[in-house]
Amino acid sequence: MEDFANKCELKENETMGRYLVAAVNIKAGETLLLEQPLLLLANNADRRCCNCHQLTSTFCGKCRLMPLCAECVDHHGLDCLRLAKLQLHVEQVQQLQANAEIANVLKFLLLREHAEMHSWYEELLQMEAHLARRRDTEIWRTYQKQVIEPLQSAGLLLQLRNGSEIDEDLLQRMLGIADINGFEIRAPESGSSMRGVYLRAGLFAHSCVPNVVAAIDEQHRIKLYANRSIAAGEILYNCYTNIMLGTDERRQILKIGKCFDCQCVRCLDPTELGTHMSSFVCSHCAGGYIVKQPDSNAWQCLLNPEHMLNPEFVASVVERAKEEVFHARDDIYRLELLLAKLGRLLHGNHYIMLDLKQNIASILRQILQNMAHRPSRKVYERKIRLCQEILLVLKVLVPGISRLKAIALYELANTQAELARKLFSEQEHTAADLLGELQQTEIMMRESLRMLLYEPICTPEGHLARNMLRELKELQNDMKVLQQPNDDVIN
């Protein structure tokens, strides 16, 4: 927390609420915060062991209320002991067990129960919950029915410390804090997630063009570091959503999940900083693109505003395209056909087109890794071209340090090196040609590695960085052999 206290200054205003600015000049890559989560929570529909966080359908035999998998003997001693003292009938326990979200609320309430954790609880309650905006919405009513009413009818709340003060608004505040401030964390199962609530990390404001990167390791510790140089007094921005989505999609996610309308420079630019990640092709103008005007529903051509698209047509095309991409997954031929088809309607950098390109590149990676397929030169060149197109967009969206950019650059460098080796082995390239290609590859690998070294060691990106160090050493050994003054090698 020492870095945080020295480098970040807390501010507050009516528009942004609480937010942070740089207290000093900060260098690119400099760590601003390392923090353990105050709470680890399951996603709404999940029930996770409160000890190892595996999905489970069983509960602790002592307290009966907290999920505990068959492989775990116990969980937090104070929590278990406090819940075990509650006077609840079997029917009431079963009613509480039936609603997965109740376990998350109990974690909040247990912070309130324990004197040694009460200061953290009070600080937690200062976090934004957007109660006024959430009141009487669908999520409010869902929580009322599935969480609050069962807790009240079971008589659990009145058995807690100052239980009469635990009303509907307080419980909705707890649930809102989890929704608004929770960070997505990798769950034990591949491809699944849960949430972490961090007292300090939750103070960073949002922008779709952030100057701060968040990374969470396998021990759930969050690291926030600068992705570029930041001057003292600048607002510190993290990104709460996926930067690879278009503006409407990002803003909708933020509106529903975080209860605010993003007004960052990217969201207010119809071209998304010139990337055209939401743009449609104008069928009337050569080189013309139709974009959505900020804070309106009008889609107009940049070259001729009279050329417009119906918003319903735009929404329909996007939804159909998403569905087709979903059904074409893992089928490279269908994906390539879909890319060509959608290219007549969407800009080549439209986020759906980029998603297609990433899917195709991923399949090509698998093909190239399996030498039994005997991939042709065209397969290598296709993957190289896709990586280059994705990188051009990423360089605009995240001009500084970026794990996405680092991974794309690594994929590009690795494929170019393998193609160069293939052409050399087939005697299409000389040793001098191969050396030149490997020298270019080394530059890209070093740049990719430089960015990934800021990531925590115990993350997939950290593991990739270690593998890259080994590959870079092998690459340098190959280059030394090629640089030997041996006529047989050079020629």
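Computed from a prediction, not measured in an experiment: that's the story for all the values here.

Reading the values: the criteria
- Residues numbered from 1 in each chain as written.
- Predicted model: local features only at pLDDT ≥ 70, side-chain atom pairs only at ≥ 80, totals over all residues.
- Heavy atoms only, no water.
- Helix = DSSP H or I, 4+ residues; strand = E, 2+ residues; numbered from the N terminus.
- Buried < 20%, exposed > 50% of the residue type's maximum accessible area, 1.4 Å probe, protein only.
- Contact = heavy atoms within 4.5 Å.
- Areas by Shrake-Rupley, 256 points an atom, 1.4 Å probe, with all protein chains shown as cover.
- Lys, Arg positive; Asp, Glu negative; His and termini not counted.
- Charge placed at Lys NZ, Arg CZ, Asp CG, Glu CD.
- Pairing = 2+ DSSP bridges.
- Axes fitted to C-alpha atoms, helices over the stretch in contact; angles between N-to-C directions.
- UniProt positions renumbered as here; feature names shortened; annotations may be inferred.
- Core = buried A, V, L, I, M, F, W, Y, C linked by side-chain atoms within 4.5 Å.
- Domains from an automatic or database assignment.
- Buried area = accessible area lost by both parts, 1.4 Å probe.
- Salt bridge = Lys/Arg side-chain N within 4 Å of Asp/Glu carboxyl O.
- Polar contact = N/O pair within 3.5 Å; in protein donor to acceptor, adjacent residues only side chain to side chain.
- Nonpolar A, V, L, I, M, F, W, Y, C, P; charged D, E, K, R; others polar.
- 1 Å grid on protein atoms, 1.4 Å probe; cavity = no way out; pocket = protein on both sides within 12 Å on 5 of 7 lines; lining within 4 Å.
- Points joined across faces, edges and corners; volume = space filled by probe spheres on them.
- Left-handed = near helix turned anticlockwise from the far one by under 90°.

**Considering the overall build of the chain**
Looking only at helices and strands, the chain features 17 helices and 14 strands. Overall, the C-alpha framework of the chain stretches about 85 × 60 × 50 Å when taken along its three principal axes. For the chain, the proportion of its 491 residues judged to be buried stands at 50%. Long-range contacts, defined here as pairs at least 24 residues apart, represent 63% of the contacts in the chain between residues at least 6 apart. If you sum the accessible surface of the chain, you get close to 24300 Å²; carbon and sulfur atoms cover 51% of it. Computed over 56 positive and 63 negative side-chain charges, the inter-centroid distance for the chain is 1 Å.

**Here we look at the sheet that holds strand β8 (residues 212-216)**
Read across the sheet, three strands follow the order β3-β9-β8 without closing on themselves; strand pairing throughout is antiparallel. Only two strands of the sheet have a single partner each, and these edge strands are β3 (31-35) and β8. Strand-to-strand twist of the sheet, defined as the mean angle between neighbouring strand axes without regard to direction, takes the value 15 degrees. For β8 and strand β9 (residues 222-226), the ladder comprises five bridges, and the chain directions are antiparallel.

**Some thoughts on the UniProt feature "domain: SET" (unreviewed entry) in the chain**
With numbering aligned to this structure, UniProt lists the feature "domain: SET" (unreviewed entry) at residues 6-241. Taken as a whole, residues 6-241 contains 31% helix and 18% strand, while its terminal C-alpha atoms sit 27 Å from one another.

**Thoughts on the nonpolar core**
By size, the foremost hydrophobic cluster in this structure holds 74 residues, and its most contacted members are Phe280, Leu342 and Ile352. Contributions of two or more residues to this core are made by β13 (299-301), α10 (311-328), α11 (332-342), α12 (351-369), α13 (377-397), α14 (403-425), α15 (431-452) and α16 (460-482). Among all residues touching Ile352, those that are not within four sequence positions of it are Val318, Ala321, Lys322, Val325, Leu342 and Leu346. One finds Leu41, Cys49, Phe108 and Ala154 within the second-largest nonpolar core, a separate group that totals 50 residues.

**A short note on the environment of Cys458**
Mapping Cys458 onto the fold places it in the loop between α15 and α16. Among all residues touching Cys458, those that are not within four sequence positions of it are Asp217, Glu218 and Gln219.

**Section: the pairing of strand β1 (residues 8-13)**
In this sheet, strand β2 (residues 17-22) lies alongside β1 in antiparallel orientation, the contact comprising six bridges. Paired with Glu9 across the two strands is Val21, which belongs to β2. The antiparallel pairing of β1 with β2 creates a hairpin that spans three residues between the two strands.

**Thoughts on the domain arrangement of the chain**
Here the chain is partitioned into domain 1 (2-36 + 206-238), domain 2 (40-183) and domain 3 (329-483). Using only C-alpha atoms to locate each centre, domain 1 and domain 2 end up separated by 30 Å. For the pair domain 1 and domain 2, the two sides together bury roughly 410 Å², of which 63% comes from carbon and sulfur. For the pair domain 1 and domain 2, the number of links is zero salt bridges. Our count for the domain 1 to domain 2 interface comes out at one residue pair in polar contact (both at pLDDT 80 or more). Residues of the side of domain 1 that touches domain 2, tallied by class, amount to two nonpolar, two polar and one charged.

**Digging into the layout of surface pockets**
It is the rolling of a water-molecule-sized probe over the atoms that shows where space remains empty. Put simply, the second largest pocket is a space of about 460 Å³. In this structure, the second largest pocket is lined by 16 residues; those nearest its centre are Leu38, Leu39, His76, Asp79 and Lys107. Among the secondary structure elements, those contributing two or more residues to the lining of the second largest pocket are β4 (39-41) and α4 (101-113). Per element, the largest residue contribution to the lining of the second largest pocket is three residues, and it comes from α4. Across the lining of the second largest pocket, the residue classes break down as ten nonpolar, four polar and two charged.

**Section: the packing of α12 against α13**
Interaxial distance between α12 and α13 falls to 9 Å at its minimum, and their mutual angle equals 145 degrees. Once α12 is placed against α13, the crossing between them reads as left-handed. Contacts between α12 and α13 involve Leu354, Lys357, Gln358, Ile360, Ala361, Leu364, Arg365, Ile367 and Leu368 from the first element and Val379, Tyr380, Arg382, Lys383, Leu386, Glu389, Ile390 and Val393 from the second. Looking at the contact of α12 with α13 residue by residue, the classes come out as eleven nonpolar, one polar and five charged.

**What to know about empty space enclosed by the protein**
Per the counting criterion, the structure on display carries two cavities of 30 Å³ or more. Roughly 90 Å³ of internal volume is contained in the largest cavity. Residue lining of the largest cavity: 14 residues in total, with Leu41, Ala42, Arg48, Asn104 and Lys107 positioned closest to the centre. Elements that contribute at least two residues to the lining of the largest cavity include exactly β4 and α4. Counting residues per element, the lining of the largest cavity draws most heavily on α4, which supplies three residues. Considered class by class, the residues forming the lining of the largest cavity number eight nonpolar, two polar and four charged. Looking at the second largest cavity, its volume works out to about 40 Å³. Lining the second largest cavity we find Arg47, Phe59, Leu65, Leu96, Gln97, Asn99, Ala100, Ile102, Ala103 and Leu106.

**With respect to the sheet that holds β13**
Each strand in a sheet pairs with another by means of backbone hydrogen bonds, the pair being arranged parallel or else antiparallel. In spatial order, the strands read β11-β12-β13-β14; together these four strands make up an open sheet with antiparallel pairing. Each having just a single partner strand, β11 (280-281) and β14 (308-309) make up the two edges of the open sheet. Across two bridges, β11 lies against strand β12 (residues 289-292) in antiparallel orientation. By the bridge assignment for β12, Phe280 is matched with Ile290.

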